[in-house]
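# Notes for the structure review
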Amino acid sequence: MIYCRTVYSDYSKREGYHLQPTKSVILPVKTSNRLFDDMDLDLNGELMPVVDKTPHIGIQRAFKDSASATIEENLKKARRSLYSLMASGLHGENGLDPVTAISLVKTYIIPVMLYGLETLLPNGKNLDLINKQYKKMLKQILSLTTNVADPAVYIISGQLPAEAEIHKRAFTLFGNICRSGNTSMEWRIAERQLSITPLSKFLWKKFISTKVNSYWEKRINDESKLYPTLSYLEMSYKIGQCHPIARTVDANIRDIAKIPVRLKIATGTYILQTNRAAFNQNKIDVVCMLCKCSEETLAHFLLGCTRLEYVRKDILEKITNTCSLLFAKYNLAVEVDLLTVVVNPYAYCITSAHLELTNDINIHLEPLCRHLIYRLHHKRYELLNIMPKKKNRKGGIKYKTF
Ligand SMILES: [Zn+2]
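Residues numbered from 1 in each chain as written. Predicted model: local features only at pLDDT ≥ 70, side-chain atom pairs only at ≥ 80, totals over all residues.

Per an unreviewed UniProt entry, the recorded name for the protein is Reverse transcriptase zinc-binding domain-containing protein, and the organism is Mytilus edulis.

Now the structure itself:
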């Protein structure tokens, strides 16, 4: 080791460059039980410090757990890039529309967050940590509540889970090694470990993408069936696409403002009396506080409550008309449930053959449903005298006064 250090030092002197003193450290690697306590090495007369972790080309190398150290560092950097994008409107409510926000995250945050993890392949606790942060970030950007069911995050954003992203990157790296030719060290290690038949870069990327995507699409869709709150969103996970209910045809600020409450209704996290009663230890009355005549369920709030009838009447009529027109146009022989139409009108275009129907819903039906939900929510809050919460900069809650 001392010899190594002398060689490096001499070489740098001969070639006329300086070895960076802050980056030249000693990282003991535990290969035997021998301890390196008494090892003193010096570089150009200065003692080299012994550390337990140090970065090397952006990846943290640690005495114990390199994956954990790298993840910690990556999350820190990802959080900083997230904050730096806040100025351009990347923050839940009243900012950019979800589609744009997700594409910003995909371009600027995810590469930072997952940097170098394809070589470390985190598992167990480390993988959980990164998954948790990743989900938390997506929830914040989509203005979903923290208690929303996991599959909902992926269904709405159309993103792959962090684990799948890491796997994809690992496979891509493997593909690069396979194509690098038998002179490279990596290729020779791979050959020694397993037999390899290289595919072209394009074919390999396509191959792993299809495999990883189809696995996760099935898994998330299967999981979505297990959550009662997601009954309106089941089986609608499409990778690479935000769910259409999070999309607006033209990104104007008034439409964007209606999306958060719409997503809460669709993911079953909008708090009605029935939810409150189910999750609260204290006895809570399930009866609707507006009309006081029946239980406040989603159906009651959206379609039944008499106190909200005057808000609902015209819009609902338009929805029913548009709906029957569209469904007649495409010969849909299914029983149409009005509640499903309002919560997620796309539930009826399951096969890809319904692409045109999806487009028509985007333009004609979805804006009406979004508007209806927003108006009802607004009126309900107004009648119940609930002021919208506004968080101030210090994280406390400031009540908005009109
Ligand atoms: Zn009511």
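With that settled, the discussion passes to the overall build of the protein. Secondary structure assignment for the protein yields 15 helices and six strands. Its C-alpha atoms give the protein a radius of gyration of 28 Å, clearly above 21 Å, the size a compact globule of 402 residues would have. Considered along the principal axes of its C-alpha atoms, the protein spans approximately 85 × 50 × 40 Å. Burial status across the protein gives 26% buried among its 402 residues. Pairs at least 24 residues apart make up 61% of the contacts formed inside the protein by residues separated by at least 6 positions. (Helix = DSSP H or I, 4+ residues; strand = E, 2+ residues; numbered from the N terminus. Rg over C-alpha atoms; globule rule 2.2 N^0.38 Å. Buried ≥ 20, exposed ≤ 12 C-beta atoms within 10 Å, placed from the backbone. Contact = placed C-beta atoms within 7 Å.)

What follows concerns the nonpolar core. By size, the foremost hydrophobic cluster in this structure holds 66 residues, and its most contacted members are I141, A152, I156, L263, I319 and L372. The element best represented in this core is helix α15 (residues 355-384), accounting for eight residues. (Core = buried A, V, L, I, M, F, W, Y, C linked by C-beta atoms within 7 Å.)

This part covers helix α2 (residues 66-84). Here α2 is 19 residues long and its end C-alpha atoms lie 27 Å apart, about the 27 Å a rise of 1.5 Å per residue gives. Turning to α2, its buried residues number three or more, namely A67, A69, T70, I71, N74, A78 and L82. (Expected span 1.5 Å × (residues − 1).)

Counting buried residues in helix α6 (residues 150-157) gives seven out of eight residues, a clear majority hidden from the surface. Those residues of α6 that fall on the buried side of the exposure criterion are P151, A152, V153, Y154, I155, I156 and S157. Positive backbone phi, at 70 degrees, marks G158, one or two positions downstream of α6.

Here the focus is unusual backbone geometry. At L121, a residue that is not glycine, the phi angle is positive and equals roughly 45 degrees. Topologically, L121 is positioned in the loop between α4 (117-120) and α5 (124-141).

Moving on, we get to the environment of D40. As for its placement among the helices and strands, D40 is situated in the loop between α1 (2-15) and β1 (42-43). Residues D40 and V50, 10 residues apart in the sequence, show an inter-C-alpha distance of 8.7 Å.

Within a regular beta strand, the side chains point alternately toward one face of the sheet and then the other, so they alternate between its two faces. Sheet analysis places strand β3 (residues 53-56) next to strand β4 (residues 59-62), joined by four bridges and oriented antiparallel. Bridged to K53 within β4 is A62. Hairpin connection, β3 to β4: the antiparallel pair is bridged by two residues, and I57 has positive phi, about 35 degrees. (Pairing = 2+ DSSP bridges.)

With that out of the way, let us pick up the environment of L233. Turning to its location among the elements, L233 is positioned in the loop between α9 (201-224) and α10 (253-266). Spatially, the C-alpha atom of L233 lies 25 Å from that of Y381, the residues being 148 residues apart in sequence. Leave out the neighbours within four places in its chain, and L233 touches A152, I155, S224, A266, T267 and N344.

At a closest axis distance of 10 Å, the pairing of α2 and α5 adopts a crossing angle of 10 degrees. Taken together, the axis directions place α2 and α5 in an arrangement best described as roughly parallel. Touching A67, S68, I71, L75 and L82 of α2 are N126, L129, I130, Q133 and M137, all from α5. Residues that form the contact of α2 with α5 fall into these classes: seven nonpolar, three polar and no charged. (Axes fitted to C-alpha atoms, helices over the stretch in contact; angles between N-to-C directions. Parallel < 35°, antiparallel > 145°, perpendicular 65-115°, else oblique. Nonpolar A, V, L, I, M, F, W, Y, C, P; charged D, E, K, R; others polar.)

Here we come to the confidence of the model for the protein. For the protein, per-residue confidence averages 83 on the pLDDT scale, and 90% of positions sit at 70 or higher. pLDDT under 50 marks residues 392-402. Its contacts with residues more than four places away, or in other chains, come to eight contacts. (pLDDT = per-residue confidence, 0-100.)

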